[in-house]
Amino acid sequence: MTAEGKSQKYLKWTKAERQMIVAKYQQLWQFLEGQERLLLAQLQKLDEEIVRRLSMQISRLSEWIGELEGTCQKPASEFLQDVRSTLSRVQETGDPQRAVTLVSEVGCTAPHGWSFQR
């Protein structure tokens, strides 16, 4: 084989190799773009779930605060019974400290000088 023939052979081989490498990189790029879309969609769903859960918790806390504020306006006997009932419900959630925190954050003072301030 002549030098010219060898040169042409190597040029064809390098061109074929180059095309194969470009094709592999394009496949890899497409795969990575697909993975990016998939992961971003999963992240979006996770964000939506977090927002949904936080909204539910905020709503629940707002209800409890409203109940506590309403309870603060009642006569002493009703007040104590309602506070006991509310604290009991909050404690059932598994976080008794939350009940104490809620009452103290509301900052209500019961009739006859009873106070739940820390």
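Predicted model only: the values in this text are computed from it and were never measured.

Thresholds applied
- Residues numbered from 1 in each chain as written.
- Predicted model: local features only at pLDDT ≥ 70, side-chain atom pairs only at ≥ 80, totals over all residues.
- Heavy atoms only, no water.
- Helix = DSSP H or I, 4+ residues; strand = E, 2+ residues; numbered from the N terminus.
- Buried < 20%, exposed > 50% of the residue type's maximum accessible area, 1.4 Å probe, protein only.
- Areas by Shrake-Rupley, 256 points an atom, 1.4 Å probe, with all protein chains shown as cover.
- Expected span 1.5 Å × (residues − 1).
- pLDDT = per-residue confidence, 0-100.
- Salt bridge = Lys/Arg side-chain N within 4 Å of Asp/Glu carboxyl O.
- Patch = residues over 30% accessible without salt bridge, like charges linked within 9 Å, V, L, I, M, F, W, Y side chains within 5 Å.
- Polar contact = N/O pair within 3.5 Å; in protein donor to acceptor, adjacent residues only side chain to side chain.

(A) A look at the overall build of the chain. Of the regular secondary structure elements, the chain holds 3 helices and 0 strands. Looking at the chain as a whole, 12% of its 118 residues are labelled buried. Looking at the chain as shown, the accessible area adds up to about 9500 Å², and 57% of this sits on carbon and sulfur atoms.

(B) Just helix α1 (residues 3–71), in detail. End to end, α1 covers 100 Å across 69 residues, agreeing with the expected 102 Å (1.5 Å per residue, within 8%). Among all positions in α1, only Trp-64, Leu-68 and Thr-71 are buried.

(C) Representation of the confidence of the model for the chain within the structure. Here the chain averages 82 in pLDDT, while 78% of its residues score no lower than 70. Here helix α3 (residues 96–106) is the element of the chain with the lowest mean pLDDT, 60, and α1 is the one with the highest, 94.

(D) Inspection of the pattern of salt bridges at higher detail. Counted according to the given criterion, the structure contains 2 salt bridges. Linking Arg-52 and Glu-49 is a salt bridge whose minimum nitrogen-to-oxygen distance equals 2.5 Å. Residue Arg-52 and its partner Glu-49 are both found in helix α1; the two are separated by 3 residues, about one turn of the helix. The partly exposed category is assigned to Arg-52, whose relative accessible area is 43%. A residue is classified by how much of its surface remains accessible, and Glu-49, at 26% relative accessible area, is partly exposed. One salt bridge in this structure joins Glu-49 and Arg-53, with 2.8 Å as the shortest N-O distance. Of this pair, Glu-49 and Arg-53 are both found in helix α1, 4 residues apart, which corresponds to roughly one turn of the helix. Each of Glu-49, Arg-52 and Arg-53 takes part in one network of salt bridges that share partners.

(E) Seen up close, a nonpolar patch on the surface. A surface patch of nonpolar side chains, about 560 Å² in accessible area, is lined by Leu-40, Leu-43, Leu-46, Ile-50, Leu-54 and Ile-58. Inspection of the secondary structure puts Leu-43 in helix α1. For Leu-43, a relative accessible area of 43% puts it in the partly exposed group.

(F) Focus on the environment of Thr-14. Along the chain, Thr-14 turns up in helix α1. Residue class for Thr-14 comes out partly exposed when judged on its relative accessible area of 32%. A distance of 2.9 Å separates a polar side-chain atom of Thr-14 from the backbone oxygen of Leu-11.

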